[in-house]
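Breakdown of the fold
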Amino acid sequence: MTELGPRLLARDRSAVAPALNLVDDRRPAARREAAVLLAELEAKIGRGGAPRIGLTGAPGAGKSTLLDALVRRRRAVDETVGVIAVDPSSRRTGGALLGDRIRVRSGAGDPGVFIRSMAARDQLGGLAEATRAGVLVLSAAFDWVLVETVGVGQSEGEVADLVDTLVFVAQPGAGDLLQFMKAGILELPDVFVVNKADVGAAAERTRRELEAGLGLGERDAKWTPPVLAVSARDGIGIDALDDTLAAHRRALGAEGLAARRSRGRDAAVRAGLVARYGSFGLEALGGTEALERRLAAAPGEPGFALLETLGNEIRAALGDRAAGS
Ligand SMILES: Nc1nc2c(ncn2[C@@H]2O[C@H](COP(=O)(O)OP(=O)(O)O)[C@@H](O)[C@H]2O)c(=O)[nH]1
Ligand SMILES: [Mg+2]
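These lines cover the structure that appears in this document, whether it is placed above or below. For every chain, the first residue of the written sequence is number 1, and numbering continues from 1 along that sequence. Note on labels: chains are lettered from A, ligands numbered from 1, in written order. Under the rules for a predicted model, residues below a pLDDT of 70 receive no local features and side-chain atom pairs below 80 are neither given nor counted, while totals for whole chains, interfaces and linings still include all residues. Hydrogens and water molecules were not included; the side-chain quantities draw on all heavy atoms of the structure.

**Brief notes about the overall build of the protein chain**
Worth spelling out the cut-off: By definition, any uninterrupted DSSP run of H or I lasting at least four residues is a helix, any uninterrupted run of E lasting at least two residues is a strand, and each is numbered from the N terminus. Exposure is judged per residue with a 1.4 Å probe applied to protein chains only, and the accessible area is read against the type maximum: over 50% gives exposed, under 20% gives buried, and values in between give partly exposed. Any two residues whose heavy atoms approach within 4.5 Å at even a single point are treated as in contact. Working definition of accessibility: Shrake-Rupley area with a 1.4 Å probe, residue cover restricted to the visible protein chains.
A tally of helices and strands in the protein chain yields 12 helices and seven strands. Sorting the 325 residues of the protein chain into buried and exposed places 51% on the buried side. In the protein chain, the share of contacts with a sequence separation of at least 24, taken over all contacts with a separation of at least 6, comes to 77%. As displayed, the protein chain offers around 14,800 Å² of accessible surface, 54% of which is attributable to carbon and sulfur atoms.

As C-alpha coordinates, this is what we get:
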(Lines give C-alpha, C1' and ligand atoms only; values in the text may rest on other atoms or scores of the structure.)
(Ligands and ions follow the chains in the order given, each with its own letter.)
Protein backbone atom coordinates (compact mmCIF):
# COMPACT_ATOMS: atom_id res chain seq x y z
CA MET A 1 0.00 0.00 0.00
CA THR A 2 1.18 3.46 -0.81
CA GLU A 3 0.30 6.58 1.07
CA LEU A 4 -1.11 8.33 -1.98
CA GLY A 5 -3.41 5.54 -3.17
CA PRO A 6 -5.97 5.67 -0.36
CA ARG A 7 -5.87 9.47 -0.38
CA LEU A 8 -6.67 9.60 -4.11
CA LEU A 9 -9.44 7.07 -3.73
CA ALA A 10 -10.85 9.17 -0.89
CA ARG A 11 -10.80 12.08 -3.36
CA ASP A 12 -8.21 14.03 -1.46
CA ARG A 13 -7.46 16.79 -3.95
CA SER A 14 -4.07 17.52 -2.37
CA ALA A 15 -2.87 14.02 -3.32
CA VAL A 16 -3.40 14.58 -7.06
CA ALA A 17 -0.37 16.71 -7.93
CA PRO A 18 2.08 14.61 -5.86
CA ALA A 19 0.70 11.45 -7.46
CA LEU A 20 1.10 12.87 -10.96
CA ASN A 21 4.62 14.00 -10.13
CA LEU A 22 5.45 10.56 -8.78
CA VAL A 23 4.30 8.74 -11.91
CA ASP A 24 6.36 11.20 -13.98
CA ASP A 25 9.48 10.76 -11.88
CA ARG A 26 12.09 8.66 -13.65
CA ARG A 27 14.39 7.92 -10.77
CA PRO A 28 14.44 4.18 -9.99
CA ALA A 29 13.06 4.45 -6.44
CA ALA A 30 10.22 6.70 -7.58
CA ARG A 31 9.49 4.39 -10.50
CA ARG A 32 9.11 1.44 -8.17
CA GLU A 33 6.79 3.41 -5.91
CA ALA A 34 4.80 4.66 -8.91
CA ALA A 35 4.38 1.13 -10.21
CA VAL A 36 2.92 0.08 -6.87
CA LEU A 37 0.59 3.08 -6.77
CA LEU A 38 -0.63 2.55 -10.34
CA ALA A 39 -1.20 -1.17 -9.90
CA GLU A 40 -3.08 -0.42 -6.70
CA LEU A 41 -5.30 2.18 -8.36
CA GLU A 42 -5.92 -0.03 -11.36
CA ALA A 43 -6.89 -2.95 -9.11
CA LYS A 44 -9.24 -0.78 -7.04
CA ILE A 45 -10.82 1.09 -9.94
CA GLY A 46 -11.00 -1.83 -12.33
CA ARG A 47 -13.75 -1.11 -14.79
CA GLY A 48 -15.16 1.69 -12.69
CA GLY A 49 -13.76 5.07 -11.81
CA ALA A 50 -14.55 8.20 -13.75
CA PRO A 51 -15.81 7.96 -17.32
CA ARG A 52 -12.87 8.69 -19.63
CA ILE A 53 -13.55 10.83 -22.66
CA GLY A 54 -10.94 11.60 -25.31
CA LEU A 55 -11.02 14.55 -27.68
CA THR A 56 -8.80 14.23 -30.69
CA GLY A 57 -8.36 16.17 -33.92
CA ALA A 58 -6.06 18.51 -35.78
CA PRO A 59 -4.56 21.59 -34.10
CA GLY A 60 -6.99 24.48 -34.30
CA ALA A 61 -10.11 22.33 -34.66
CA GLY A 62 -11.35 23.68 -31.35
CA LYS A 63 -10.67 20.79 -28.99
CA SER A 64 -9.65 23.00 -26.07
CA THR A 65 -12.63 25.29 -26.56
CA LEU A 66 -14.96 22.31 -26.71
CA LEU A 67 -13.30 20.72 -23.73
CA ASP A 68 -13.81 23.92 -21.80
CA ALA A 69 -17.52 23.89 -22.71
CA LEU A 70 -17.83 20.30 -21.52
CA VAL A 71 -15.97 21.08 -18.30
CA ARG A 72 -18.27 23.96 -17.51
CA ARG A 73 -21.28 21.77 -18.17
CA ARG A 74 -20.05 19.19 -15.67
CA ARG A 75 -19.25 21.89 -13.14
CA ALA A 76 -22.77 23.31 -13.52
CA VAL A 77 -24.11 20.07 -12.04
CA ASP A 78 -21.35 20.04 -9.44
CA GLU A 79 -19.32 17.18 -10.92
CA THR A 80 -15.56 17.35 -10.78
CA VAL A 81 -13.30 17.01 -13.81
CA GLY A 82 -9.70 16.00 -14.31
CA VAL A 83 -8.17 17.01 -17.63
CA ILE A 84 -5.08 15.73 -19.39
CA ALA A 85 -3.91 17.79 -22.33
CA VAL A 86 -1.32 15.99 -24.42
CA ASP A 87 0.84 18.03 -26.70
CA PRO A 88 3.41 15.89 -28.46
CA SER A 89 4.92 18.90 -30.18
CA SER A 90 5.67 21.06 -27.18
CA ARG A 91 8.96 19.49 -26.21
CA ARG A 92 10.73 22.80 -26.50
CA THR A 93 8.25 24.86 -24.58
CA GLY A 94 7.92 22.29 -21.86
CA GLY A 95 4.33 21.69 -22.74
CA ALA A 96 2.44 24.09 -20.53
CA LEU A 97 0.57 25.69 -23.39
CA LEU A 98 -2.29 23.42 -24.26
CA GLY A 99 -4.01 23.67 -20.93
CA ASP A 100 -3.78 27.42 -20.71
CA ARG A 101 -6.89 28.28 -22.65
CA ILE A 102 -8.98 25.92 -20.54
CA ARG A 103 -7.30 26.98 -17.36
CA VAL A 104 -8.14 30.60 -18.00
CA ARG A 105 -11.76 30.06 -18.92
CA SER A 106 -12.76 27.28 -16.55
CA GLY A 107 -11.26 29.14 -13.65
CA ALA A 108 -7.87 28.44 -12.15
CA GLY A 109 -9.26 28.75 -8.63
CA ASP A 110 -11.91 26.06 -9.04
CA PRO A 111 -10.87 23.02 -6.98
CA GLY A 112 -13.36 20.91 -8.96
CA VAL A 113 -11.20 21.13 -12.06
CA PHE A 114 -7.66 19.83 -12.40
CA ILE A 115 -5.67 20.31 -15.59
CA ARG A 116 -2.43 18.58 -16.39
CA SER A 117 -0.46 19.26 -19.54
CA MET A 118 1.83 16.56 -20.83
CA ALA A 119 4.58 17.03 -23.38
CA ALA A 120 6.59 14.49 -25.27
CA ARG A 121 9.58 14.42 -23.02
CA ASP A 122 11.73 11.40 -23.46
CA GLN A 123 9.26 9.21 -21.64
CA LEU A 124 10.77 5.83 -20.93
CA GLY A 125 7.58 3.99 -21.77
CA GLY A 126 6.41 6.60 -24.24
CA LEU A 127 3.90 9.40 -24.04
CA ALA A 128 0.98 6.99 -24.24
CA GLU A 129 2.11 5.26 -21.09
CA ALA A 130 2.62 8.52 -19.22
CA THR A 131 -0.82 9.65 -20.34
CA ARG A 132 -2.32 6.37 -19.27
CA ALA A 133 -0.82 6.77 -15.81
CA GLY A 134 -2.20 10.29 -15.59
CA VAL A 135 -5.66 9.17 -16.67
CA LEU A 136 -5.63 6.49 -14.01
CA VAL A 137 -4.63 8.90 -11.25
CA LEU A 138 -7.30 11.42 -12.26
CA SER A 139 -10.00 8.80 -12.67
CA ALA A 140 -9.50 7.86 -9.03
CA ALA A 141 -9.97 11.39 -7.76
CA PHE A 142 -12.51 13.04 -10.10
CA ASP A 143 -15.99 12.34 -11.48
CA TRP A 144 -14.90 12.74 -15.11
CA VAL A 145 -11.65 12.50 -16.99
CA LEU A 146 -11.20 14.35 -20.27
CA VAL A 147 -8.15 13.87 -22.46
CA GLU A 148 -7.26 16.32 -25.21
CA THR A 149 -4.78 15.16 -27.78
CA VAL A 150 -3.64 15.97 -31.27
CA GLY A 151 -3.83 12.67 -32.98
CA VAL A 152 -3.85 11.41 -36.49
CA GLY A 153 -3.46 7.83 -37.61
CA GLN A 154 -1.20 5.92 -35.27
CA SER A 155 -1.58 8.00 -32.16
CA GLU A 156 -5.36 7.92 -32.48
CA GLY A 157 -5.24 4.20 -31.82
CA GLU A 158 -3.33 4.93 -28.65
CA VAL A 159 -5.93 7.45 -27.52
CA ALA A 160 -8.77 5.07 -28.34
CA ASP A 161 -7.16 2.55 -25.99
CA LEU A 162 -6.93 5.10 -23.19
CA VAL A 163 -10.52 6.26 -23.04
CA ASP A 164 -14.03 4.83 -22.93
CA THR A 165 -15.38 7.22 -25.54
CA LEU A 166 -13.30 8.81 -28.28
CA VAL A 167 -14.56 12.02 -29.87
CA PHE A 168 -13.04 13.22 -33.11
CA VAL A 169 -13.23 16.99 -33.58
CA ALA A 170 -13.14 18.24 -37.16
CA GLN A 171 -13.48 21.76 -38.40
CA PRO A 172 -15.38 22.98 -41.43
CA GLY A 173 -13.46 22.45 -44.63
CA ALA A 174 -11.16 20.00 -42.86
CA GLY A 175 -11.22 17.78 -45.89
CA ASP A 176 -13.23 15.69 -48.24
CA LEU A 177 -14.15 12.08 -47.83
CA LEU A 178 -10.99 10.78 -49.44
CA GLN A 179 -8.79 12.71 -47.04
CA PHE A 180 -10.68 11.44 -44.03
CA MET A 181 -10.30 7.91 -45.32
CA LYS A 182 -6.61 8.33 -46.05
CA ALA A 183 -5.97 9.77 -42.62
CA GLY A 184 -7.58 6.67 -41.14
CA ILE A 185 -9.77 8.68 -38.80
CA LEU A 186 -13.05 7.03 -39.69
CA GLU A 187 -12.49 3.73 -37.91
CA LEU A 188 -11.82 4.53 -34.29
CA PRO A 189 -13.83 7.45 -32.96
CA ASP A 190 -17.16 6.76 -31.26
CA VAL A 191 -18.50 10.24 -31.85
CA PHE A 192 -17.70 12.78 -34.57
CA VAL A 193 -18.06 16.48 -34.03
CA VAL A 194 -17.82 19.19 -36.64
CA ASN A 195 -17.00 22.26 -34.59
CA LYS A 196 -17.40 25.91 -35.63
CA ALA A 197 -20.89 25.25 -37.00
CA ASP A 198 -21.35 28.99 -36.57
CA VAL A 199 -19.45 29.53 -39.83
CA GLY A 200 -22.40 28.11 -41.78
CA ALA A 201 -22.63 25.95 -44.89
CA ALA A 202 -19.04 24.67 -44.85
CA ALA A 203 -19.69 22.96 -41.51
CA GLU A 204 -22.71 21.14 -42.87
CA ARG A 205 -20.69 19.99 -45.91
CA THR A 206 -17.96 18.57 -43.71
CA ARG A 207 -20.58 16.92 -41.52
CA ARG A 208 -22.09 15.20 -44.55
CA GLU A 209 -18.67 14.07 -45.82
CA LEU A 210 -17.96 12.43 -42.49
CA GLU A 211 -21.37 10.83 -42.35
CA ALA A 212 -20.96 9.46 -45.86
CA GLY A 213 -17.55 8.06 -44.93
CA LEU A 214 -18.93 6.31 -41.88
CA GLY A 215 -21.60 4.64 -43.97
CA LEU A 216 -18.86 2.89 -45.93
CA GLY A 217 -17.04 1.19 -43.09
CA GLU A 218 -17.70 -1.89 -41.04
CA ARG A 219 -18.91 -0.94 -37.62
CA ASP A 220 -20.14 -2.38 -34.39
CA ALA A 221 -23.86 -3.10 -34.73
CA LYS A 222 -24.58 -1.71 -31.27
CA TRP A 223 -23.35 1.78 -31.94
CA THR A 224 -23.30 3.87 -35.06
CA PRO A 225 -21.08 6.89 -34.47
CA PRO A 226 -23.16 10.02 -34.82
CA VAL A 227 -21.80 13.14 -36.53
CA LEU A 228 -22.78 16.27 -34.62
CA ALA A 229 -22.42 19.88 -35.61
CA VAL A 230 -21.53 22.14 -32.69
CA SER A 231 -20.17 25.56 -31.96
CA ALA A 232 -17.92 25.32 -28.94
CA ARG A 233 -17.46 29.08 -29.03
CA ASP A 234 -21.18 29.88 -28.94
CA GLY A 235 -22.19 26.91 -26.83
CA ILE A 236 -24.40 25.45 -29.55
CA GLY A 237 -24.90 21.69 -29.67
CA ILE A 238 -23.04 21.09 -26.41
CA ASP A 239 -26.11 19.63 -24.71
CA ALA A 240 -26.61 17.24 -27.61
CA LEU A 241 -22.95 16.24 -27.43
CA ASP A 242 -23.25 15.66 -23.71
CA ASP A 243 -26.33 13.48 -24.26
CA THR A 244 -24.49 11.58 -26.97
CA LEU A 245 -21.58 10.86 -24.64
CA ALA A 246 -24.04 9.43 -22.11
CA ALA A 247 -25.78 7.42 -24.83
CA HIS A 248 -22.46 5.93 -25.93
CA ARG A 249 -21.73 4.91 -22.38
CA ARG A 250 -25.12 3.20 -22.13
CA ALA A 251 -24.57 1.43 -25.46
CA LEU A 252 -21.16 0.26 -24.29
CA GLY A 253 -22.70 -1.28 -21.18
CA ALA A 254 -20.73 -3.03 -18.46
CA GLU A 255 -19.53 -5.68 -20.85
CA GLY A 256 -18.42 -3.29 -23.56
CA LEU A 257 -16.65 -1.13 -21.03
CA ALA A 258 -14.84 -4.14 -19.58
CA ALA A 259 -13.77 -5.24 -23.05
CA ARG A 260 -12.55 -1.79 -23.88
CA ARG A 261 -10.56 -1.33 -20.69
CA SER A 262 -9.05 -4.77 -21.12
CA ARG A 263 -8.09 -4.02 -24.72
CA GLY A 264 -6.48 -0.84 -23.44
CA ARG A 265 -4.60 -2.76 -20.79
CA ASP A 266 -3.27 -5.26 -23.33
CA ALA A 267 -2.19 -2.51 -25.71
CA ALA A 268 -0.45 -0.66 -22.88
CA VAL A 269 1.46 -3.76 -21.76
CA ARG A 270 2.58 -4.55 -25.31
CA ALA A 271 3.65 -0.97 -26.01
CA GLY A 272 5.27 -0.59 -22.60
CA LEU A 273 7.39 -3.71 -22.96
CA VAL A 274 8.51 -2.82 -26.47
CA ALA A 275 9.35 0.74 -25.44
CA ARG A 276 11.41 -0.47 -22.51
CA TYR A 277 13.07 -3.61 -23.83
CA GLY A 278 12.58 -3.57 -27.58
CA SER A 279 11.78 -6.60 -29.70
CA PHE A 280 14.88 -8.22 -28.22
CA GLY A 281 13.25 -8.08 -24.80
CA LEU A 282 10.05 -9.51 -26.17
CA GLU A 283 12.01 -12.42 -27.64
CA ALA A 284 13.46 -13.13 -24.21
CA LEU A 285 9.91 -13.55 -23.01
CA GLY A 286 9.21 -16.08 -25.75
CA GLY A 287 8.00 -13.75 -28.48
CA THR A 288 4.70 -12.07 -29.22
CA GLU A 289 2.68 -15.27 -29.04
CA ALA A 290 3.98 -15.99 -25.57
CA LEU A 291 3.08 -12.45 -24.55
CA GLU A 292 -0.45 -12.86 -25.90
CA ARG A 293 -0.81 -16.06 -23.91
CA ARG A 294 0.33 -14.29 -20.77
CA LEU A 295 -2.16 -11.48 -21.33
CA ALA A 296 -5.01 -13.91 -21.95
CA ALA A 297 -4.08 -15.93 -18.87
CA ALA A 298 -4.32 -12.91 -16.54
CA PRO A 299 -7.51 -11.10 -17.47
CA GLY A 300 -7.99 -9.38 -14.13
CA GLU A 301 -4.36 -8.40 -13.57
CA PRO A 302 -3.69 -4.65 -13.59
CA GLY A 303 -1.64 -3.61 -16.62
CA PHE A 304 0.88 -1.70 -14.57
CA ALA A 305 1.45 -4.75 -12.38
CA LEU A 306 1.79 -7.02 -15.40
CA LEU A 307 4.27 -4.61 -16.94
CA GLU A 308 6.39 -4.89 -13.81
CA THR A 309 6.18 -8.69 -13.61
CA LEU A 310 6.96 -9.26 -17.27
CA GLY A 311 9.67 -6.61 -17.20
CA ASN A 312 11.35 -8.42 -14.30
CA GLU A 313 11.17 -11.68 -16.22
CA ILE A 314 12.73 -10.09 -19.28
CA ARG A 315 15.52 -8.56 -17.23
CA ALA A 316 16.16 -11.89 -15.52
CA ALA A 317 16.23 -13.73 -18.86
CA LEU A 318 18.54 -11.18 -20.44
CA GLY A 319 20.76 -11.21 -17.36
CA ASP A 320 20.98 -15.01 -17.43
CA ARG A 321 21.85 -14.90 -21.06
CA ALA A 322 24.57 -12.30 -20.52
CA ALA A 323 25.95 -14.31 -17.59
CA GLY A 324 25.90 -17.57 -19.51
CA SER A 325 27.64 -16.28 -22.60
N1 LIG B 1 -15.84 30.36 -35.07
C2 LIG B 1 -15.49 29.50 -34.14
N3 LIG B 1 -14.22 29.46 -33.71
C4 LIG B 1 -13.89 28.55 -32.76
C5 LIG B 1 -14.84 27.65 -32.22
N6 LIG B 1 -14.20 26.87 -31.32
C7 LIG B 1 -12.92 27.26 -31.29
N8 LIG B 1 -12.72 28.28 -32.16
C9 LIG B 1 -11.45 29.01 -32.41
O10 LIG B 1 -10.56 28.14 -33.06
C11 LIG B 1 -9.22 28.37 -32.63
C12 LIG B 1 -8.61 27.08 -32.13
O13 LIG B 1 -9.31 26.67 -30.96
P14 LIG B 1 -8.67 25.67 -29.91
O15 LIG B 1 -9.75 25.30 -28.96
O16 LIG B 1 -7.43 26.20 -29.33
O17 LIG B 1 -8.31 24.45 -30.86
P18 LIG B 1 -7.43 23.14 -30.57
O19 LIG B 1 -6.07 23.40 -31.12
O20 LIG B 1 -8.11 22.04 -31.32
O21 LIG B 1 -7.42 22.91 -29.10
C22 LIG B 1 -9.32 29.44 -31.57
O23 LIG B 1 -9.03 30.68 -32.17
C24 LIG B 1 -10.75 29.38 -31.12
O25 LIG B 1 -11.22 30.60 -30.62
C26 LIG B 1 -16.19 27.73 -32.70
O27 LIG B 1 -17.09 26.99 -32.28
N28 LIG B 1 -16.45 28.65 -33.66
MG1 LIG C 1 -5.99 22.70 -27.73
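**Observations regarding the sheet that holds strand β3 (residues 113–119)**
Definition in use: A pair of strands counts as paired when DSSP detects no fewer than two bridges linking them. Geometry is summarised by axes, namely lines fitted to C-alpha atoms with helices restricted to the contacting stretch, and by angles between N-to-C directions that run from 0 to 180 degrees.
A sheet is described by the order of its strands in space; here seven strands give the open sequence β3-β2-β4-β1-β5-β6-β7, paired in parallel fashion. Every other strand in the sheet has two partners, leaving β3 and β7 (227–229) as the edge strands with one partner each. Strand-to-strand twist of the sheet, defined as the mean angle between neighbouring strand axes without regard to direction, takes the value 20 degrees. Most of the contacts of helix α6 (residues 127–141) go to strand β2 (residues 81–87), to which it runs at about 170 degrees, and overall it touches β1 (52–56), β2, β3 and β4 (144–149). The sheet contacts of helix α10 (residues 238–284) involve β1, β5 (165–170), β6 (191–194) and β7, and relative to β5 the element is tilted by about 140 degrees.

**Structural notes on the pattern of salt bridges**
As a reminder, the rule being used: We define a salt bridge as a side-chain nitrogen of Lys or Arg found within 4 Å of a carboxyl oxygen belonging to Asp or Glu.
Enumeration according to the criterion identifies 23 salt bridges in this entry. With a shortest N-O distance of 3.3 Å, aspartate 198 and arginine 233 are connected by a salt bridge. Separated by 35 residues along the polypeptide, aspartate 198 in the loop between β6 and α9 (201–216) and arginine 233 in the loop between β7 and α10 bring together distant segments of the chain. Given a relative accessible area of 33%, aspartate 198 falls into the partly exposed group. Taking relative accessible area as the criterion, arginine 233 reaches 58% and is therefore assigned exposed.

**So, the side chain of threonine 206**
You can see threonine 206 is positioned in helix α9. With relative accessibility at 3%, the residue threonine 206 sits in the buried group. Apart from residues lying up to four places away in sequence, threonine 206 is in contact with Gln171, Pro172, Gly173, Ala174, Phe180 and Val194.

**Topic: the site of ligand 1**
Here is the rule we go by: We call a residue near a molecule or strand as soon as one heavy atom of that residue lies within 4 Å of the molecule or strand. Polar contacts here mean pairs of N or O atoms no more than 3.5 Å apart (in protein, one a potential hydrogen donor and the other a potential acceptor; neighbouring residues in sequence count only if both atoms are side-chain atoms).
Neighbouring ligand 1 are 16 residues, the closest being Gly60, Gly62, Lys63, Thr65 and Asp198. Measuring from an oxygen atom of ligand 1, one finds a side-chain N or O atom of glutamate 148 at 3.1 Å. In the model, a nitrogen atom of ligand 1 is placed 2.7 Å from a nitrogen or oxygen of the aspartate 198 side chain. Contact with the protein chains removes 76% of the 580 Å² of surface that ligand 1 exposes when unbound. Here the element with the most residues in the shell around ligand 1 is helix α4 (residues 63–76); it accounts for three residues.

**Let's talk about the coordination of the magnesium ion (ligand 2)**
Let me state the cut-off plainly: Metal coordination here is assigned from N, O and S atoms located within 2.8 Å of the ion, or within 3.2 Å for Na, K and Ca; omission of water means that sites may look incomplete.
Coordination of the magnesium ion (ligand 2) by the protein comes from Ser64 (OG) and Glu148 (OE), over a distance range of 2.1 Å. Within this pair, whereas serine 64 is found in helix α4, its partner glutamate 148 is found in strand β4, the two being separated by 84 residues in sequence.

**Some points on the packing of aromatic side chains**
Put simply, the test is: Under the pairing criterion, centres of Phe, Tyr and Trp rings, with the six-membered ring standing for Trp, must be within 6.5 Å; the plane angle then separates stacked pairs below 30 degrees from edge-to-face pairs above 60, leaving the rest tilted.
If you walk through the whole model with that rule in mind, you get two aromatic pairs. Both rings, one in phenylalanine 114 and one in phenylalanine 142, keep their centres 6.2 Å apart while their planes meet at 40 degrees; by these two values the pair is tilted. Taken together, the residues phenylalanine 114 in strand β3 and phenylalanine 142 in the loop between α6 and β4 connect sequence positions 28 residues apart. For the residue pair phenylalanine 114 and phenylalanine 142, the accessibility class agrees, reading buried in each case. Consider the rings of phenylalanine 168 and phenylalanine 192, whose centres lie 6.0 Å apart with planes at 55 degrees: the pair is tilted. Taken together, the positions of phenylalanine 168 in strand β5 and phenylalanine 192 in strand β6 put the pair 24 residues apart, joining distant regions of the chain. You'll find phenylalanine 168 and phenylalanine 192 in the same group, each marked buried.

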